[in-house]
Amino acid sequence: MINRNIGDLIPLIGTTLGGFAIGVIARNGFLGWTGETFIAGLLGLAGGAFALVAAKNTTLRNEQKAAYRFSKNLSIVAPAILNGAISAVESIEHREAFPDEQLPEEDQATFGYRMAMVIRSRAIREIPPPIENAPVDIQIAYDRVKTTIGVYLDPNDPNAHPVDNPTAVKWLRTFSRELGVLHVLCHGYNERLSDTFNQS
């Protein structure tokens, strides 16, 4: 943590040294200099440093608050959606291994697509978008989930069509993996930030 912040102090140190050098040069130009200008400059630099630290702390606090809120909301819906996706894969694979002879062939062929569309619709409806100032890693993981939702199954895509059962299984597994990554990431934020932001 300290090493990472040293780079942020370099401009402040340079400004301090520059101010000191200018103060020394200016001192030689004034008779009866008492050091008030130098002290005023140092106080100004100290005030700037405090303002910089306060701004960084505020930004970090807002980012953590956004991460905690999103993580809390996701922790409510993600487990059920993941369980639904896993159950859908098992149902599709069971239906492929043991086809229901009483169902028309077309229903057999689109069974996986219909199951995947149920999970997709639920994900679109229930997974909240992250707050704008959420950490970048959460936004990237969420974007990957959102991108996966559109693959193969977007009914608004003019080229979309009911996919076969193996493709539906592939989509469900990819979606489950991406949502699982987001869920684990958010669980980590929840663990780290719950003491700070727990309001209950």
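See the structure printed just above.
Treat the numbers as computed from the prediction; the structure is a model and nothing was measured.

Topic: the overall build of the chain
Reasoning step 1: Secondary structure summary: the chain contains five helices and zero strands in total.
Reasoning step 2: Of the regular secondary structure in the chain, the N- to C-terminal order runs α-α-α-α-α.
Reasoning step 3: Burial status across the chain gives 28% buried among its 200 residues.
Reasoning step 4: Put simply, 80% of the contacts in the chain that link residues at least 6 apart link residues at least 24 apart.
Reasoning step 5: On the chain, roughly 13,100 Å² of surface is accessible, and the fraction owed to carbon and sulfur atoms is 60%.

Section: the packing of helix α4 (residues 136-150) against helix α5 (residues 165-197)
Reasoning step 1: Where α4 contacts α5, the axes come no closer than 9 Å and their chain directions differ by 160°. One element, α4, and the other, α5, form an angle in the roughly antiparallel class. In terms of crossing hand, the pair formed by α4 and α5 is left-handed. Only W171, T174, F175, E178, L179, L182, L185, C186 and Y189 of α5 make contact with α4, whose side of the interface consists of D137, I138, A141, Y142, R144, V145, T148 and I149.
Reasoning step 2: Residues belonging to the contact of α4 with α5 are distributed by class as follows: 12 nonpolar, two polar and three charged.

Focus: the packing of aromatic side chains
Reasoning step 1: If you walk through the whole model with that rule in mind, you get two aromatic pairs.
Reasoning step 2: Seen from their ring centres, F70 and Y142 are 6.2 Å apart, and the 90° between their planes marks the pair as edge-to-face. Of this pair, F70 sits in helix α2 (residues 36-97) while Y142 sits in helix α4, and the two are 72 residues apart along the sequence.
Reasoning step 3: Assessed through its relative accessible area of 1%, F70 is described here as buried.
Reasoning step 4: The ring centre of Y189 lies 4.6 Å from the NZ or CZ of R192, which sits over that ring.

Let's talk about the pattern of salt bridges
Note on pairing: side chains with opposite charge can pair once their charged atoms come close.
Reasoning step 1: The full count for this structure, using the stated rule, is five salt bridges.
Reasoning step 2: We note a salt bridge from E126 to R125, for which the minimum N-O separation is 3.7 Å.
Reasoning step 3: Residues E178 and R144 are paired through a salt bridge, measuring 2.9 Å at the closest nitrogen-oxygen approach. Placement of the pair is E178 in helix α5 and R144 in helix α4, with a sequence separation of 34 residues.

Parameters at a glance
- Residues take numbers from 1 onward in each chain, read along the sequence in its written order.
- For a predicted model such as this one, the threshold for reporting local features is a pLDDT of at least 70, and the threshold for listing and counting side-chain atom pairs is 80 or more; totals across whole chains, interfaces and linings nevertheless cover every residue.
- Each side-chain value is derived from all of the structure's non-hydrogen atoms; neither hydrogens nor water enter the calculation.
- The helix count covers DSSP runs of H or I at least four residues long, the strand count covers runs of E at least two residues long, and both are numbered beginning at the N terminus.
- For every residue, the accessible area (1.4 Å probe, protein chains only) is compared with the maximum for its type, and the residue is labelled buried under 20%, exposed over 50%, or partly exposed between those bounds.
- Residues count as neighbours in contact if any of their non-hydrogen atoms are within 4.5 Å of one another.
- The protein chains shown are the only cover counted for residues, whose accessible areas, like all others here, come from Shrake-Rupley with a 1.4 Å probe.
- Think of each axis as a best-fit line through the C-alpha atoms, taken over the contacting stretch in the case of a helix, with angles from 0 to 180 degrees between the N-to-C directions.
- Here the angle decides the label: under 35 degrees means roughly parallel, over 145 means roughly antiparallel, 65 to 115 means roughly perpendicular, and every other value means oblique.
- Crossings are classed by handedness, with left-handed meaning an anticlockwise turn of the near helix from the far one by less than a right angle and right-handed meaning a clockwise turn.
- Residue classes follow a fixed rule: Ala, Val, Leu, Ile, Met, Phe, Trp, Tyr, Cys and Pro count as nonpolar, while Asp, Glu, Lys and Arg count as charged, and any other residue, Gly among them, counts as polar.
- Note on aromatic contacts: the rings of Phe and Tyr and the six-membered ring of Trp form a pair at centre separations within 6.5 Å, being stacked when their planes are under 30 degrees apart, edge-to-face when over 60 apart, and tilted otherwise.
- Cation placement over rings: the criterion is NZ of Lys or CZ of Arg within 6 Å of the ring centroid and within 35° of the ring normal.
- Just to be clear on terms, a salt bridge is a Lys or Arg side-chain nitrogen sitting within 4 Å of an Asp or Glu carboxyl oxygen.

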